[in-house]
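The primary structure of each chain is shown beneath.
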Amino acid sequence: MIKIAPSMLSADFSAFAEDAARVARAGADFLHMDIMDGHFVPNISFGPAVMKSLLGKTDLPFDVHLMIENADRILPEFVTAQTEYIVVHQEACVQLGRTLDLIRSLGAKPGVALNPATPVSALDCVLADIDLVLIMTVNPGYSGQKFRPAGIEKVRRLAELRRERGLPFRIEVDGGVGLGNARALAEAGTDIFVTGSALFGAPDAGEWMRAFRKAAE
Ligand code: DX5
Ligand code: ZN
């Protein structure tokens, strides 16, 4: 069963909680939180206080995607009763193992994201220590960008490594995900699909998610 994680970056910020409740009712599995610092990525989104305003508004677990430098300093603020994954970028963490240990010590599941230009081999030494790999299929910073199909091959390679090594990590994709690439991504081995503009732009979120699951499964 695939999972769908709506990106709250594409929600209406003036109706943030209502939009979260709406996608939860429509059948979402996670709320994906895109946290941007204006340094690692060119955009600034929202911080822990805004994320925490969604606590208790739905019972969906939070999937927190940190597109920030110096993640160790602020990441404890994102560990809440509803936080399941804390995902950091390989490119932004100088001592990745230390950051992953910190996330686990706080009681969240550690994940690592890879930009489109970073090969899967960059995670070779940490695959056994993580619960999730996030393959970016756009350069992070904005929603509504065009899907980069090279990510499909990276998902396939990861799924192969997971089989070979008997590891339990989940594979997530993020960026330009929609009905047109659901099937190829699912076949390659994707477990969790982040979706921003395609889902929030659909007239009926429930219908869109049903169509997406059908296309993927
Ligand atoms: C990009 C973010 C994504 C993005 C998804 O930096 O990490 O989560 O907002 O939006 P779409 O699905 O519109 O690409
Ligand atoms: Zn994201």
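Residues numbered from 1 in each chain as written. Chains lettered and ligands numbered in written order. Predicted model: local features only at pLDDT ≥ 70, side-chain atom pairs only at ≥ 80, totals over all residues. Heavy atoms only, no water.

## Some details on helix α4 (residues 96-105)
Taken as a whole, α4 has its buried residues at L96, T99, L100 and I103. On an axial view of α4, the arc spanned by its buried residues comes to 100 degrees, and they lie on one face. Away from its buried face by more than 90 degrees, α4 exposes R98, D101 and S105. Buried positions along α4 lie against α3 (71-74), β4 (83-89) and β5 (109-114). (Buried < 20%, exposed > 50% of the residue type's maximum accessible area, 1.4 Å probe, protein only. Helix = DSSP H or I, 4+ residues; strand = E, 2+ residues; numbered from the N terminus. Arc of directions from axis to C-beta. Contact = heavy atoms within 4.5 Å.)

## Observations concerning the sheet that holds β5
Reading across the sheet, the 8 strands line up as β1-β8-β7-β6-β5-β4-β3-β2 and stay open at both edges, with parallel pairing between neighbours. In this open sheet, the two edge strands, each paired with only one partner strand, are β1 (3-6) and β2 (31-36). Going across the sheet, the axis of each strand differs from the next one's by a mean of 25 degrees, ignoring polarity. With 4 bridges joining them, β1 and strand β8 (residues 192-195) adopt parallel strand pairing. Paired with P6 across the bridge in β8 is T195. The strands touched by α4 within the sheet are β4 and β5, with β5 carrying the most contacts at an inclination of about 145 degrees. (Pairing = 2+ DSSP bridges. Axes fitted to C-alpha atoms, helices over the stretch in contact; angles between N-to-C directions.)

## Considering unusual backbone geometry
With a phi angle near 50 degrees, N70 is a residue other than glycine that sits in the positive phi range. Mapped onto the secondary structure, N70 falls in the loop between β3 (62-67) and α3.

## Comments concerning the site of ligand 1
Surveying the vicinity of ligand 1 reveals 20 residues, the closest of which are D34, G141, D174, G196 and S197. One of the side-chain nitrogen or oxygen atoms of S197 is found 2.5 Å away from an oxygen atom of ligand 1. Contact with the protein chains removes 100% of the 380 Å² of surface that ligand 1 exposes when unbound. Judged by its atoms lying within 2 Å of the grid points, ligand 1 is housed in the largest pocket. Elements with a contribution of two residues or more to the shell around ligand 1: β2, β3 and β8. It is β2 that provides the largest number of residues to the shell around ligand 1, a total of 3 residues. (Near = heavy atom within 4 Å. Polar contact = N/O pair within 3.5 Å; in protein donor to acceptor, adjacent residues only side chain to side chain. Areas by Shrake-Rupley, 256 points an atom, 1.4 Å probe, with all protein chains shown as cover. 1 Å grid on protein atoms, 1.4 Å probe; cavity = no way out; pocket = protein on both sides within 12 Å on 5 of 7 lines; lining within 4 Å. Sits in = over half its atoms within 2 Å of the grid points.)

## Considerations on the coordination of the zinc ion (ligand 2)
Surrounding the zinc ion (ligand 2) are the protein donor atoms H32 (NE2), D34 (OD), H65 (ND1) and D174 (OD), at 2.0 to 2.3 Å. Around the zinc ion (ligand 2), the 6 donor atoms sit at angles spanning 68 to 167 degrees, and that spread fits a shape best called octahedral. Relative accessible area serves as the criterion here: at 0%, H65 is assigned to the buried category. (Donors = N, O, S within 2.8 Å, 3.2 Å for Na, K, Ca; no water. Tetrahedral: all angles 85-135°; square planar, octahedral: opposite > 155°, others 65-115°.)

## Re the layout of surface pockets
Taken as a whole, the largest pocket spans an internal volume of roughly 200 Å³. Y142, S143, D174, G175 and G176 are the residues nearest the centre of the largest pocket, which is lined by 22 residues in total. For the lining of the largest pocket, the elements supplying multiple residues, two or more each, are β2, β8 and α7 (197-200). For the lining of the largest pocket, the per-class residue count stands at 10 nonpolar, 10 polar and 2 charged. (Points joined across faces, edges and corners; volume = space filled by probe spheres on them. Nonpolar A, V, L, I, M, F, W, Y, C, P; charged D, E, K, R; others polar.)

## Points about the pairing of β5
Among the 6 residues of β5, 5 are classified as buried, and the element is accordingly described as predominantly covered. Pairing geometry for β4 and β5, over 5 bridges, is parallel. Residue V87 lies in a different strand from β5, and its bridge partner there is G111. Once the chain exits β4 it traverses α4 before rejoining the sheet at β5, and the crossover so formed is right-handed. (Right-handed = clockwise from strand over helix to strand, strands pointing away.)

## Side note on the pairing of β4
Across the 7 residues of β4, 6 count as buried, placing the element largely inside the fold. Strand direction decides the pairing type here: β3 and β4, joined by 5 bridges, are parallel. Each bridged residue has a counterpart across the sheet, and for L66 the counterpart in β4 is V88.

## Describing the pattern of salt bridges
All told, the structure shown has 10 salt bridges when counted by the stated rule. The salt bridge involving R157 is made with E160; its shortest N-O contact spans 2.4 Å. Here the residue R157 and the residue E160 both occupy positions in helix α5 (residues 150-165), the gap between them amounting to 3 residues, near one helical turn. Residue classification places R157 among the partly exposed positions, given a relative accessible area of 35%. (Salt bridge = Lys/Arg side-chain N within 4 Å of Asp/Glu carboxyl O.)

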